[in-house]
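Residue-level listing of the chains:
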Amino acid sequence: MPLLDSHSGTTRRSYSLSELETAAAEMSGYDLLCLAAAWSGHAGGTLSIMDITAALYLHVARLDPLRPDWPGRDRIVWSTGHKAPSLYLGLGMAGFFDVREVVKLRKLWSPFQGHPHWLKLPGVEVSTGSLGQGLSIAVGMAQALRLKKSDARVYCIMGDGEQQEGQIWEAVMEAGHYRLNNLIGVIDRNRLQIDGWVKDVMNVEPLKEKYESFGWEVLEIDGHNMKHIVDAFDCAATVRGKPVVIIADTVKGKGVDFMEDIAGWHGKSPSLEEMKKGLEQLGLSEKLPVEELLESARKYQDTVDAGLEEKMPKFKRSYWWNSDELMRVEMQPTRKGFGTALQLHGGDERIVCLGLDISGSITISDFYAKNPERKDRWISLGIAEQSAVGVAAGLAREGKIPVLGTYGTFASARCLDQIRTTVCYGELNVLIAGAHGGVSVGPDGATHQALEDLFQICGLPNMNVSVPCDIIETQKATEHLLFTLQGPKYIRFAREATPIVTTEKTPFRWGEANAIRFRGEQARFIDAFQTVPASEYEPEDEQVTIIACGPMVPEAMRAAYILKKERDIETLVLNMHTLKPLDRNAIVKAAGRAGIVITAEEHQIGGLADRVCRIITESPELCQTPIITGAIGIKDRFGESGAPWELIKEFEVSAEHIAQKALELIEVKKRAFEIRT
């Protein structure tokens, strides 16, 4: 079926097989270029699905690019949301927008998010990102179209590793039960996932027999043979009384020899040099306006930079990280502290680590990477977070110390019922890592940025929660949770490199905050501050207290530096590395002394702020003390794609925003005093 004019029913554009092949190759070239311009993304899978994308958007599906919401259109659901660039290129080539616009991929304020969002880009049917959910959406759409007596079809694109998610099989069962012959699934069987070969991580085969057992018609094809692809879609359209799944054998990184069949290219983008080599292999070096598009991406980035600079609070000079010869700071990803602790202490035979397909990214695989003898205590479960929590519970019940980790948003939300019922209710000794917390996850976008996990996890009885501030404190917290604390426990840490503001000698006492004071500019940022346990801190007439957790602790410290240099304001920073239990004594004492308390969290406002304010309002010691509170955090919105430090500015959680909030509250306090007197 060609692209349509839905008003007249006439053809807008049709493609022959050879033209589809040419279009698919061109789309692959654009894909490399856009990923290189973004400096992030998923090269392997976007290339493996590109031939199918070209066929579907340019030849098979009934679409009208000038009426994206035409009721009679076919729906295309991308359950495998990380392949979003392929979706965008399919829409662009079909004429929904200028395909060259996709060069803005993963950039701040761009509609081309790291994972697709239907509210930002016409032609995108649903927002996806968390694997395993798309087929259920497609079942709902197919049911709705049936109720409307519509002859439109629903296509759902999935990955083979994605078949490890239990929700997929619930949807498979439902589609078969209701005999949804208007539903066509497509499985991109490229045989690889992040942690390696699908058959080794968690085998999903035989897919053909499994789908058939649920009442589906199954077609197996070469996913890079355009005639096979088109014929399969034509055949699927003739099937009656059952849903159809097309299992397409593909090659991850297809067309670029140094990417093909390499698991490492799952979540990796090419450098500019690698992009140029890839274009040469695709025969596109002279056919795409490479420099023009790269310049377009640079100009768009200049616009973003200017916009962010405009909205930043202004001070006498720049205090941004490493912008001066003084106050230099080293940065390392906090997640590496988690991996280091597992590597150092993984020899304990009680520890069992569970892999959930992002093992290298969150560093849990450091447990065995240099110690292959531990491999028998490494259980790979693939993309199956909910089941993993249950498995961990079983291990804990038998006396093991299970450790599992995934993106914080999946660990806390997708698995909440399992954590609540199987772990917390039974008080089982399970350590859960909520990795990649906050907006600083960056260009993956909203679906992968954990901004609500502290609400969910801290709300569970019996749960212990740590949010360490840097790589060193993450290691200390992991060690404490492994061997000292018994029961349910959750550690939240970031993905990107953040400032190191502690040392091996910095105190770490579970349940007790650290008190931090700025002592004067130094060559190294860390040397400009003194840190002691909060119980040992003696007040020094501070005017403001900033209570922070995680990577917001360095931002709070920098805010204290700004306030001292700009206004000679003394500030106490409390590093609340233990969020549950919270250090009540430190909060009450600090609030009573300063009278101004600001919380700082890389999370929806309230994960930390609500807990701190509750202590302040419920403490009899403070009932006659006027206290003004303010909160820095995410303001009830979802994340965006963008570079990590761009998002810190965009979401107004930088030190500059903390300092500005402090100055505002000082003025409020001053006016209130003037009114009273």
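Before going into details, it helps to say that this report is about the structure given with it. (Residues numbered from 1 in each chain as written. Predicted model: local features only at pLDDT ≥ 70, side-chain atom pairs only at ≥ 80, totals over all residues. Heavy atoms only, no water.)

**Observations concerning the overall build of the protein chain**
For the protein chain, the helix and strand inventory stands at 24 helices and 24 strands. Taken over C-alpha atoms, the radius of gyration comes to 27 Å for the protein chain, in line with the 26 Å a tight globule of 677 residues would show. In terms of principal-axis extent, the alpha carbons of the protein chain reach across some 80 × 55 × 50 Å. Within the span of the protein chain, comprising 677 residues, buried residues form 61% of the whole. At a minimum sequence separation of 6, the contacts of the protein chain that also span at least 24 residues come to 79%. With the model as given, the accessible surface of the protein chain reaches about 25,800 Å², and the carbon-plus-sulfur share is 50%. (Helix = DSSP H or I, 4+ residues; strand = E, 2+ residues; numbered from the N terminus. Rg over C-alpha atoms; globule rule 2.2 N^0.38 Å. Buried < 20%, exposed > 50% of the residue type's maximum accessible area, 1.4 Å probe, protein only. Contact = heavy atoms within 4.5 Å. Areas by Shrake-Rupley, 256 points an atom, 1.4 Å probe, with all protein chains shown as cover.)

**A short note on the packing of helix 1 (residues 17-38) against helix 4 (residues 84-94)**
Put simply, helix 1 and helix 4 touch, their axes get as near as 10 Å, and they point 125 degrees apart. Taken together, helix 1 and helix 4 sit at an angle that is classed as oblique. The way helix 1 lies across helix 4 gives a crossing that is right-handed. Facing helix 1, whose interface residues are Ala-23, Glu-26, Met-27, Tyr-30, Asp-31 and Leu-35, helix 4 presents Pro-85, Ser-86, Leu-89, Gly-90 and Met-93. When the residues that make up the contact of helix 1 with helix 4 are grouped by side-chain class, the tally is 7 nonpolar, 2 polar and 2 charged. (Axes fitted to C-alpha atoms, helices over the stretch in contact; angles between N-to-C directions. Parallel < 35°, antiparallel > 145°, perpendicular 65-115°, else oblique. Left-handed = near helix turned anticlockwise from the far one by under 90°. Nonpolar A, V, L, I, M, F, W, Y, C, P; charged D, E, K, R; others polar.)

**Thoughts on the sheet that holds strand 22 (residues 578-580)**
Judged by pairing direction, the sheet is mixed, and its 7 strands sit side by side in the order 12-11-13-14-16-15-22 without closing on themselves. Taken across any chain shown, the strands that pair with only one partner, and hence form the sheet edges, are strand 12 (378-380) and strand 22. When strand polarity is set aside, the average angle formed by the axes of neighbouring strands in this sheet is 20 degrees. Pairing between strand 13 (residues 401-407) and strand 14 (residues 431-435): 5 bridges, direction parallel. In the strand pairing of strand 14, Leu-404 is matched with Ile-432. Docked against the sheet, helix 19 (residues 471-483) engages strand 11 (351-355), strand 13, strand 14, strand 15 (464-466) and strand 16 (489-492), running at close to 170 degrees with respect to strand 16. (Pairing = 2+ DSSP bridges.)

**Considering the environment of Val-467**
Residue position: Val-467 is located in the loop between strand 15 and helix 19. The class for Val-467 is buried, based on a relative accessible area of 2%. Spatially, the C-alpha atom of Val-467 lies 17 Å from that of Val-430, the residues being 37 residues apart in sequence. Each residue touching Val-467, except ones within four places of it in the same chain, is listed here: Leu-454, Arg-492, Cys-549, Gly-550, Met-576, His-577 and Leu-579.

**Some remarks on helix 1**
The terminal C-alpha atoms of helix 1, which comprises 22 residues, lie 31 Å apart, in line with the 32 Å expected from a rise of 1.5 Å per residue. Two residues or fewer after helix 1 comes Trp-39, characterised by a positive phi angle close to 65 degrees. (Expected span 1.5 Å × (residues − 1).)

**Some points on the side chain of Glu-162**
Looking at where Glu-162 falls in the secondary structure, it is placed in the loop between strand 4 (154-159) and helix 6 (166-177). Here Glu-162 sits buried without a salt bridge, and the closest side chain of opposite charge, Lys-83, lies 6.9 Å off (N-O distance). Polar side-chain contacts of Glu-162 include one of 2.4 Å to the side chain of Ser-79. Apart from the residues within four sequence positions on either side, Glu-162 is in contact with Ser-79, Thr-80, Leu-131, Gly-132, Gln-133, Ile-168 and Ile-383. (Lys, Arg positive; Asp, Glu negative; His and termini not counted. Salt bridge = Lys/Arg side-chain N within 4 Å of Asp/Glu carboxyl O. Polar contact = N/O pair within 3.5 Å; in protein donor to acceptor, adjacent residues only side chain to side chain.)

**Things to note about the pattern of salt bridges**
The tally for this structure, following the rule as stated, stands at 46 salt bridges. Asp-74 is paired through a salt bridge with Arg-62; the nearest N and O atoms lie 3.6 Å apart. Note that Asp-74 is positioned in the loop between helix 3 (50-60) and strand 3 (75-78) and Arg-62 in the loop between helix 3 and strand 3, a separation of 12 residues in sequence. Note on accessibility: Asp-74 and Arg-62 belong to one class, buried. Taking the shortest distance from any N to any O, the salt bridge between Glu-512 and Arg-509 comes out at 3.6 Å. A cluster of three or more residues bridged by salt bridges with shared partners is formed by Arg-517, Arg-519, Glu-540, Glu-542, Lys-564, Asp-568, Glu-570 and Arg-593.

**Side note on the nonpolar core**
By size, the foremost hydrophobic cluster in this structure holds 73 residues, and its most contacted members are Leu-56, Ile-76, Tyr-88 and Phe-233. Element by element, the count of residues in this core is highest for helix 1, at 12 residues. Apart from the residues lying within four places of it in its own chain, the contact partners of Ile-76 are Leu-56, Tyr-57, Ala-61, Leu-63, Glu-125, Tyr-155 and Ile-157. (Core = buried A, V, L, I, M, F, W, Y, C linked by side-chain atoms within 4.5 Å.)

**A closer look at the packing of aromatic side chains**
Evaluation of the coordinates by the stated rule reveals 16 aromatic pairs. Look at Tyr-88 and Phe-112: their rings are 5.4 Å apart centre to centre, the planes differ by 65 degrees, and that puts the pair in the edge-to-face class. Of this pair, Tyr-88 sits in helix 4 while Phe-112 sits in the loop between helix 4 and helix 5 (134-147); the two residues are 24 residues apart in sequence, bridging distant segments of the chain. You'll find Tyr-88 and Phe-112 in the same group, each marked buried. The interplanar angle of 65 degrees and the centroid separation of 5.0 Å between the aromatic rings of Trp-321 and Phe-525 together place this pair among those described as edge-to-face. Taken as a pair, Trp-321 in the loop between helix 11 (290-311) and strand 10 (331-333) and Phe-525 in the loop between strand 18 (514-518) and strand 19 (529-533) lie far apart in primary sequence, 204 residues in all. We note that Trp-321, like Phe-525, is buried. Among the aromatic residues, ring-to-ring pairing joins Tyr-319, Trp-321, Phe-518, Phe-525, Phe-529 and Tyr-561 into one connected group. Over the face of the ring belonging to Tyr-15 we find Arg-13, whose NZ or CZ atom lies 4.0 Å from the ring centre. Between Lys-268 and the ring centre of Trp-265, over which it is positioned, the NZ or CZ distance is 4.4 Å. (Phe/Tyr/Trp six-rings, centres within 6.5 Å; stacked < 30°, edge-to-face > 60°. Lys NZ or Arg CZ within 6 Å of the ring centre and 35° of its normal.)

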